[in-house]
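Chain and residue survey
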Amino acid sequence: AVPYPVPCDQMVWRQIGGHLRQIECNSLGIVWGIGYDNNPWVYTGGYGGGFFQGLASSTNYIYAQTDVKCVYIYENQRWNPVTGYSSRGLLTDRYMWSDASGLQEQTKTNTKPLSPQWTWTSDWYIDFKTPGGTDREGWQYAADFSASYSGYKTMKDFVRRRRWARKCKLTTTGPWLEVPPILLWDISLIPSISASQDGHVAVWGISNKGDVLCRIGVTKQNPSGTSWLHVGTDQPFVSVSIGVFYQVWAIARDGSAFYRGSVTSENPAGDCWYHI
C-alpha cells in the first residue's frame, strides 16, 4: 500500500461545495453523489462555488446545482370520549403541532425553510407515504404518542398523528455535473481496478422505482460514463454494493439478499441473480 503523506491525526476535513444526500468514491478519484431529490451527480475535480463566493475557489469545473428536500411537521390529536379525536390534549402531551419528537412546536405558519438559501416550492400537503402507513385521511394511530404507530385504528388507540410535508429548493453552484435522466436511490462504485484491466469502472445503482442499473463507459477521463444498462429483477430493489473483483450484492424491497453472478469488466451486468 502507498503510505499516506500526512499522519491520520494531522488530516483535516475540507468542504468541497455542493449539496448531496449520499456520496461514493473509489481509488481512482471518481466520485458520484445523490441529492435529496434523487438526482445523481459526478464530481468534476474542482472545489468551491455557492457560499464559497469571495473565498478561495477553483476557477474551472464549477456548475449550477439544485437540490430539493421535504420539511415535515406533525399534527397530533388525542381521543376524547365526548368529541372524538381532538386537538385539545393533556397537559403532559406533546404540542398539537410539532416536530417528529414532539419536543418542538412547529406549525404551518412558524416553520421556515432550512436556511435563507432555501425557498419554498410547494404548499403544505398531507404525506400519505409516512413510514408505518396511514389511513385514507393520512392519520396514524397509537396507544400513546411515544408508542408505535400504524395506519389502522384499534380500540386501544387513544392518540393519532398526521404528517404534513412541504418542499423547499436550494439553488447553488459547486464542482458537480448532473447525470440525467434517471433518478437514483442508491449508488455503488467498485473500490479499485487493477492495472491489467481496461480502465472502465463498474458503477451500479438503484433507481427511485427500484430498478437495478449498471453504468457503462465510466473511466477516470469520463467519470460520468455514457449510458445506463438495465439489469432485470423479479421485484424492486433498495440497495446495491459492488466490492473488489466485481462482487455485486443487493437487497430487495422485501429484505431478501441477492448476489449477481459472472460480473466482470467484459461482462459488466453479469448473467443472473442468486438468492442468498
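Look up a bit, the structure's there.
So, here is what we can say about the structure in this document. Predicted, not measured: the structure shown is a model, and the values here were computed from it. (Residues numbered from 1 in each chain as written. Predicted model: local features only at pLDDT ≥ 70, side-chain atom pairs only at ≥ 80, totals over all residues. Heavy atoms only, no water.)

What to know about the pattern of salt bridges
By the definition in use, this model includes four salt bridges. With its nearest N and O atoms 3.0 Å apart, the salt bridge here joins glutamate 75 to arginine 162. On the criterion of sequence distance, the pair formed by glutamate 75 in strand β4 (residues 63-80) and arginine 162 in strand β10 (residues 159-174) is long-range, its members being 87 residues apart. For arginine 162, a relative accessible area of 12% gives the class buried. Two residues, arginine 78 and aspartate 144, come together in a salt bridge whose shortest N-O distance is 3.2 Å. Of the two residues, arginine 78 is situated in strand β4 and aspartate 144 in the loop between β9 (139-142) and β10; the sequence distance between them amounts to 66 residues. (Salt bridge = Lys/Arg side-chain N within 4 Å of Asp/Glu carboxyl O. Helix = DSSP H or I, 4+ residues; strand = E, 2+ residues; numbered from the N terminus. Buried < 20%, exposed > 50% of the residue type's maximum accessible area, 1.4 Å probe, protein only.)

A short note on the sheet that holds strand β12 (residues 184-189)
Here we have four strands laid out as an open sheet, ordered β12-β13-β14-β15, and antiparallel in their pairing. In this open sheet, the two strands that pair with only one neighbour each are β12 and β15 (227-231). The mean angle between the axes of side-by-side strands here comes to 30 degrees, regardless of whether they run parallel or antiparallel. The pairing of strand β14 (residues 212-216) with β15 spans five bridges and is antiparallel. Counterpart to isoleucine 216 in the pairing with β15 is serine 227. (Pairing = 2+ DSSP bridges. Axes fitted to C-alpha atoms, helices over the stretch in contact; angles between N-to-C directions.)

Let's talk about a nonpolar patch on the surface
Together, Tyr61, Tyr63 and Leu177 make up a nonpolar patch on the protein surface, roughly 290 Å² of accessible area in all. Mapped onto the fold, leucine 177 is located in strand β11 (residues 176-178). (Patch = residues over 30% accessible without salt bridge, like charges linked within 9 Å, V, L, I, M, F, W, Y side chains within 5 Å. Areas by Shrake-Rupley, 256 points an atom, 1.4 Å probe, with all protein chains shown as cover.)

A look at the state of the cysteines
Throughout the structure, instances matching the rule amount to zero disulfides. For cysteine 272, which is in no disulfide, the shortest distance to another cysteine sulfur is to cysteine 214 and amounts to 15 Å. (Disulfide = S-S within 2.5 Å.)

Quick notes on the nonpolar core
Ranked by internal contacts, the top residues of the largest apolar core, which has 32 residues, are Trp32, Ile187, Trp204, Phe237 and Trp273. For this core, the secondary structure elements donating two or more residues are β2 (31-34), β12, β13 (203-207), β14, β15, β16 (237-243) and β17 (247-252). In this structure, Val71, Trp124, Trp164 and Cys168 belong to the second largest nonpolar core, which totals seven residues. (Core = buried A, V, L, I, M, F, W, Y, C linked by side-chain atoms within 4.5 Å.)

Here's the deal with the environment of valine 231
Within the secondary structure, valine 231 is located in strand β15. Taking the C-alpha atoms as reference points, valine 231 and tyrosine 85, 146 residues apart in sequence, are found 48 Å from one another. Not counting chain neighbours up to four residues away, the residues in contact with valine 231 comprise Trp204, Val212, Cys214, Arg260, Ala269 and Trp273. (Contact = heavy atoms within 4.5 Å.)

Any link to function would need more than the numbers given here.
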